[in-house]
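Here are the chains, one letter per residue:
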Amino acid sequence: MYIKKNWVRLSDGVVSGLNALREEMFQSYSLPNVIYIVNAGEASILMDHDILLFIAELEIAGFDIRFVSSACTSFHAAILHFIECHSRDALILNLDLNVEQQQTCLNAVGVGVLSGQDGLQVRTGVAFTHICKDIQSGCKYQITNCDLLSQPLGLNGTHQLLNTIKALIKSNNDREKVVSFDIQSIWAKSIMKGLGNPPRGNWLDSIECDQKHFLSLKPLIEIEHYHEYLNHHKLWIMTLGGGGRIGCLQLIALKHEQPSSPMLLSKVVNKVSVSLEDTYWKLLAFYRDKPNLSQNDAMQYMKACMCYPLKSYRGKHNQIFHWEVESGGWQKLVDAHQKKTISRTMDTIS
């Protein structure tokens, strides 16, 4: 599998981020028909009308929209879903926008900025990645492996995860580097300690060296940051995801003089289909009731609207969530959102 084009832009504003993404997508570039929408906060981003409208516009333009997720390892989820897809190329759009909603998700799972939490502060933005199964002119990278590891529940869960990580990267040598998943969280520190604090000669620093958390954008930013390494080394980029997940992406830069084997990834993928409409209405109810909820109740309510924290999915490797929408469903959500907004306004007036 290959990356033909990759682009990432940090943005604090929803509209400015979407406008930058539109400009990048449609500047004299032949776009594939399949578009994966991913983000770290699952369906919560659809509470922002501008984001919902942007996706509906893509659907109206004739693109095949697929909404998949797996917390901050949602980029990996799109790759794993694409492995089983009949299409030969696709776009992955990371829409990690709306600071307040993304931070609410982190707070809900206990790693955000509330009292007693890890203190992670979201950095929002967008990304555009064109992936393909066959090498094409202009391909920049070859993806040689992609896995979503999951820590099982129980006292032995951490030990099992550590052994899986070690087995996955055991073939590393001086020409194969590993980008750390270290981040300012208690769980990350415990996993790194269990790995024996790998020597810096084999491991490269994570871009997340402080409390700032780049959500599902992390591997995309690191691909750009470590481009020079990728010209000479096969690189593992490791990313932490909520619900005990670690995304493992192995790739190398393609050189014009370097032949590339037409290798396709083969994985057993655990895919769960979820009704996007059902989750959408649950989230609308949450944001409607949020001002009247205690902090603890609001966190539990928000957590109940998400799939990735559920304990029933712990220990299942390559677990992804596909949010299904009926044909024309994105525009229907836009219309429903507008009707709901008008209804609330009339209730306020009356």
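Residues numbered from 1 in each chain as written. Predicted model: local features only at pLDDT ≥ 70, side-chain atom pairs only at ≥ 80, totals over all residues. Heavy atoms only, no water.

Structural notes on the packing of aromatic side chains
Cut-off, in case you're wondering: Here a Phe, Tyr or Trp ring, Trp counted by its six-membered ring, pairs with any other such ring whose centre lies within 6.5 Å, and the pair is stacked when the planes are under 30 degrees apart, edge-to-face when over 60, and tilted otherwise. Working definition: with a 1.4 Å probe on protein chains only, accessible area under 20% of the residue-type maximum means buried, over 50% means exposed, and in between means partly exposed. The helix and strand labels rest on DSSP assignments: H or I over at least four residues marks a helix, E over at least two residues marks a strand, and numbering proceeds from the N terminus.
Taken as a whole, this structure holds 9 aromatic pairs when the rule is applied. Ring centres of Phe286 and Tyr287 lie 5.0 Å apart, and the angle between their planes is 75 degrees; this geometry places the pair in the edge-to-face category. By relative accessible area, Phe286 is classed as buried at 1%. With centroids separated by 5.3 Å and ring planes inclined at 55 degrees, the aromatic side chains of Phe286 and Tyr301 adopt a geometry described as tilted. Of this pair, Phe286 sits in helix α9 (residues 276-289) while Tyr301 sits in helix α10 (residues 295-304), and the two are 15 residues apart along the sequence.

A short note on the side chain of His81
We apply this condition: Here a residue-residue contact requires only that any non-hydrogen atoms of the pair lie within 4.5 Å.
Structurally, the position occupied by His81 is in helix α3 (residues 74-83). Since its relative accessible area comes to 8%, His81 is described here as buried. With residues near it in sequence (within four places) discarded, His81 still touches Tyr36, Arg66, Val68, Lys271, Ile320 and His322.

What to know about the packing of helix α4 (residues 99-108) against α10
To keep things clear, this is the line we draw: Each axis is a line fitted through C-alpha atoms, taken for helices only over the stretch in contact, and angles between the N-to-C directions span 0 to 180 degrees. Small angles under 35 degrees read as roughly parallel and large ones over 145 as roughly antiparallel, with 65 to 115 read as roughly perpendicular and the rest as oblique. Under the scheme applied here, ten amino acids are nonpolar (Ala, Val, Leu, Ile, Met, Phe, Trp, Tyr, Cys and Pro), four are charged (Asp, Glu, Lys and Arg), and all others, including Gly, are polar.
At a minimum axis distance of 9 Å, the contact between α4 and α10 shows a crossing angle of 100 degrees. The orientation of α4 relative to α10 falls into the category roughly perpendicular. Two secondary-structure elements touch here, α4 through Thr104, Cys105, Asn107 and Ala108 and α10 through Met299, Met302 and Lys303. When grouped by side-chain class, the residues that make up the contact of α4 with α10 number 4 nonpolar, 2 polar and 1 charged.

Here's the deal with the pattern of salt bridges
The following threshold applies: The term salt bridge refers to a side-chain nitrogen of Lys or Arg lying within 4 Å of a carboxyl oxygen of Asp or Glu.
This model, assessed by the stated rule, comprises 9 salt bridges. Among the ionic pairs, Arg22 bridges to Glu57, the shortest N-O distance being 3.2 Å. Here Glu57 lies in helix α2 (residues 49-60) and Arg22 lies in helix α1 (residues 14-25), a separation of 35 residues in the sequence. A relative accessible area of 26% means that Arg22 is categorised as partly exposed.

Description of α4
Among the 10 residues in α4, 8 count as buried, and that is most of the element. Of all the positions in α4, only Gln101, Gln102, Gln103, Thr104, Cys105, Leu106, Asn107 and Ala108 are classed as buried. Check the buried side of α4 and you find it contacts β4 (89-96), β5 (121-122), β10 (212-213), α9 and α10. Count one or two residues on from α4 and you reach Gly110, which has phi positive near 90 degrees.

Description of the state of the cysteines
Where we set the bar: The disulfide definition used here is simple: a pair of cysteine sulfur atoms within 2.5 Å.
Inspection of every chain in the model, using the stated rule, returns 0 disulfides. The thiol of Cys209 is not disulfide-bonded; the next cysteine sulfur, from Cys72, is found 16 Å away. Judged by relative accessible area, which is 60%, Cys209 ranks as exposed. With no disulfide of its own, Cys307 lies closest to Cys305 among cysteine sulfurs, the gap being 9.9 Å. On the basis of relative accessible area, Cys307 is assigned to the buried category, the value being 11%.

Remarks on the pairing of strand β3 (residues 64-69)
This is how the line gets drawn: In this analysis, strands are considered paired if DSSP registers two or more bridges between them. When the strands point away from the viewer, a crossover counts as right-handed if the route from the first strand across the helix to the second turns clockwise.
Burial analysis of β3 places 5 of its 6 residues in the buried class, which makes it a mostly covered element. Pairing of strand β2 (residues 34-38) with β3 involves 4 bridges; the strand directions are parallel. Bridge pairing links Tyr36 to Arg66 in β3. Note on the crossover from β2 through α2 to β3: the handedness is right-handed. In terms of strand pairing, β3 meets strand β14 (residues 319-324) through 3 bridges, oriented antiparallel. Bridge pairing in β14 links Val68 to His322.

Regarding the nonpolar core
The following threshold applies: Buried residues of nine kinds, namely Ala, Val, Leu, Ile, Met, Phe, Trp, Tyr and Cys, make up a nonpolar core once their side-chain atoms join them within 4.5 Å.
With 49 residues, the main nonpolar core has Met25, Leu46, Leu93, Leu95 and Trp330 as its most contacted residues. Sort the elements by how many residues they give to this core and α2 lands first, with 6 residues. Leaving out residues up to four positions away in the same chain, Met25 has contacts with Leu31, Ile35, Phe54, Leu58, Leu91, Leu93 and Phe128.

Quick look at the confidence of the model for the chain
Short version of the rule: pLDDT measures how confident the predictor is about each residue, on a scale from 0 to 100.
For the chain, per-residue confidence averages 88 on the pLDDT scale, and 91% of positions sit at 70 or higher. Note on residues 342-350: pLDDT under 50 across the span, and 0 contacts to partners over four residues away in sequence or across chains.

A closer look at the side chain of Ser206
Heads up, the rule is: Two N or O atoms form a polar contact when they lie within 3.5 Å of each other; inside protein one atom must be a possible hydrogen donor and the other a possible acceptor, and for residues adjacent in sequence the pair counts only when both atoms belong to side chains.
Secondary-structure assignment places Ser206 in the loop between β9 (203-204) and β10. Within polar-contact distance, the side chain of Ser206 engages the backbone oxygen of Asp182 at 3.1 Å. In this structure the side chain of Ser206 is engaged in a polar contact, spanning 2.9 Å, whose partner is the backbone nitrogen of Glu208. Ignoring anything within four residues of it in the chain, the contact list for Ser206 reads Val179, Ser180, Asp182, Lys218 and Glu222.

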